[in-house]
Amino acid sequence: DAGITQSPRHKVTETGTPVTLRCHQTENHRYMYWYRQDPGHGLRLIHYSYGVKDTDKGEVSDGYSVSRSKTEDFLLTLESATSSQTSVYFCAVQGGDQNTEAFFGQGTRLTVV
Amino acid sequence: AQSVAQPEDQVNVAEGNPLTVKCTYSVSGNPYLFWYVQYPNRGLQFLLKYITGDNLVKGSYGFEAEFNKSQTSFHLKKPSALVSDSALYFCAVRVNAGNNRKLIWGLGTSLAVNP
C-alpha cells in the first residue's frame, strides 16, 4: 500500500456540513492526488499537489478545497457537503520522476444524506 | 483532446482461457502507459507500465501488455485466466507538462472469469 493511510474509511454526514478527509503517506512522495470514483465515470481528479503548499485543480474541483502543509499529509475538504458528493474518494501518491507509477490508498466511502 | 478509451465495459472469459482487456489512447508526444487493477472495496493496485523499450511488458500476477504505437493501443493480456483475476481493470496514460504528472484514465473494464 506504499504507506498510504486514508481516514476516515467510512463517513456519513448531513447536507451542508463541512467534511475533511485525510491522506497520510510515509514514503515522502512529492505528488499527491485526490480522486473520486463513481459508477460510469471511472476515476476523476479533484485536486493534486506537487509539493508542500503547491496545489492545483483537477477536472471536478468545484465544492472541494485542499491543503498540504506537510509532505506527508494531503487534506481534502468538502466545504458544504451535497448529495452529489456522495462517492468513494481515493488518495494517490507518486514520486517525482515522470515514469513512476502512482500508489493508491484504500479509499474513503462518503455518504451525504 | 487527450484521452484513453477502454472500449469494453465488461469482458467474460472462462477459466484457463487467454484474456485480453483493450485500451487505446490519444495523446500528444510519447506516452507513459499504465494498467491498474481494483478488487471489490479496495484501492487500485499497479499492474504494469510501458515507458520505453520492448513493446511487450510483463507485470504482476502473470499479466502482460503490448504497446502498439501505430495502433495507439496498450492491451492487457494473460495467457490463462484465473477466477481470482475477476476485478475492475483501468488503463491510464501520463502526460507531462511542467509540474503536471497527471494520469488520464479510462473508464474501466470489468473482467469476469467463469469457473
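Note that the structure is a prediction, hence the values are computed from the model and not measured.

Student: Where do I start with the pattern of salt bridges in this structure?
Tutor: Under the counting rule described, the total for this entry stands at 8 salt bridges over all chains. Put simply, A:Arg44 and A:Asp38 hold a salt bridge, and the shortest N to O gap is 2.9 Å. Side by side, A:Arg44 and A:Asp38 carry an identical accessibility label, which is buried. Measuring nitrogen to oxygen at the nearest pair gives 2.8 Å for the salt bridge that ties B:Asp85 to B:Lys78. Here B:Asp85 and B:Lys78 have matching classes, each one buried. Connected through shared salt-bridge partners, A:Arg22, A:Lys70 and A:Asp73 make up one network.

Student: What exactly am I supposed to notice about the interface of chain A and chain B here?
Tutor: When the parts of a complex come together, some accessible area is lost, and that lost area is often used as the size of the interface. The partner chain B presents 22 residues to the 25 residues of chain A that form the contact. Buried surface at the junction of chain A and chain B, both sides included, amounts to about 2000 Å², of which 49% is carbon and sulfur. Between the two partners, chain A and chain B, sit 1 salt bridge. Note that A:Glu101 and B:Lys49 form a salt bridge whose closest N and O atoms lie 2.8 Å from each other. On the surface where chain A and chain B come into contact, there are 7 residue pairs in polar contact (both at pLDDT 80 or more). Looking at the side of chain A that touches chain B, the elements with two or more residues in it are β4 (31-38), β5 (42-51), β9 (87-94) and β10 (102-104) of chain A. Looking at which element gives the most residues to the side of chain A that touches chain B, the answer is β5(A), with 5 residues. Classifying every residue of the side of chain A that touches chain B by side-chain character gives 10 nonpolar, 11 polar and 4 charged.

Student: How should the state of the cysteines be read in this particular structure?
Tutor: A covalent bond between the sulfur atoms of two cysteines is referred to as a disulfide. Residue and element names in this part refer to chain A. For the coordinates displayed, the defined rule picks out 2 disulfides over all chains. Note on cysteine connectivity: Cys23 is disulfide-linked to Cys91, with sulfurs 1.9 Å apart. Between Cys23 and Cys91, the S-S torsion sits near -70°, and that sign places the bridge as left-handed. Of this pair, Cys23 sits in strand β3 (residues 19-25) while Cys91 sits in strand β9; the two residues are 68 residues apart in sequence, bridging distant segments of the chain.

Student: Please explain unusual backbone geometry as it appears in this structure.
Tutor: A cis amide bond links A:Ser7 with the next residue in sequence, A:Pro8, at an omega value of -5°. Here A:Pro8 is to be found in the loop between β1 (4-7) and β2 (10-13). Phi is positive for A:Lys53, which is not a glycine, with a value near 65°. Here A:Lys53 is to be found in the loop between β5 and β6 (54-57). Its relative accessible area of 70% is what places A:Lys53 among the exposed residues. Positioned with a positive phi, B:Asn41 is a non-glycine residue whose angle comes to about 60°. Its place among the elements puts B:Asn41 in the loop between β5 (32-38) and β6 (44-50). The exposed category is assigned to B:Asn41, whose relative accessible area is 63%.

Student: Could you clarify how one ought to interpret the side chain of B:Gln6 in this entry?
Tutor: Residue and element names in this part refer to chain B. Relative to the helices and strands, Gln6 resides in the loop between β1 (3-5) and β2 (10-14). A polar contact is formed between the side chain of Gln6 and the backbone nitrogen of Gly108, at a distance of 3.2 Å. Reaching out from Gln6, the side chain makes a polar contact with the side chain of Thr109 at a distance of 3.1 Å. Discounting residues that sit within four places of it in the chain, Gln6 has contacts with Val21, Lys22, Trp35, Tyr89, Phe90, Cys91, Gly106, Leu107, Gly108 and Thr109.

Student: Help me understand the sheet that holds strand β7 (residues 64-70) of chain A in this model?
Tutor: Hydrogen bonds along the backbone pair up the strands of a sheet, which may run parallel or antiparallel. Residue and element names in this part refer to chain A. Strands sit in the order β1-β3-β8-β7 across an open sheet of 4 strands; the sheet is antiparallel. In this open sheet, the two strands that pair with only one neighbour each are β1 and β7. Neighbouring strand axes in the sheet, compared pairwise and without regard to direction, differ in orientation by 15° on average. Across 5 bridges, the pairing between β7 and strand β8 (residues 73-78) is antiparallel. For Ser67, the partnering residue across the bridge sits in β8 and is Leu75.

About the criteria used
- Residues numbered from 1 in each chain as written.
- Chains lettered and ligands numbered in written order.
- Predicted model: local features only at pLDDT ≥ 70, side-chain atom pairs only at ≥ 80, totals over all residues.
- Heavy atoms only, no water.
- Salt bridge = Lys/Arg side-chain N within 4 Å of Asp/Glu carboxyl O.
- Buried < 20%, exposed > 50% of the residue type's maximum accessible area, 1.4 Å probe, protein only.
- Contact = heavy atoms within 4.5 Å.
- Buried area = accessible area lost by both parts, 1.4 Å probe.
- Polar contact = N/O pair within 3.5 Å; in protein donor to acceptor, adjacent residues only side chain to side chain.
- Helix = DSSP H or I, 4+ residues; strand = E, 2+ residues; numbered from the N terminus.
- Nonpolar A, V, L, I, M, F, W, Y, C, P; charged D, E, K, R; others polar.
- Disulfide = S-S within 2.5 Å.
- Pairing = 2+ DSSP bridges.
- Axes fitted to C-alpha atoms, helices over the stretch in contact; angles between N-to-C directions.

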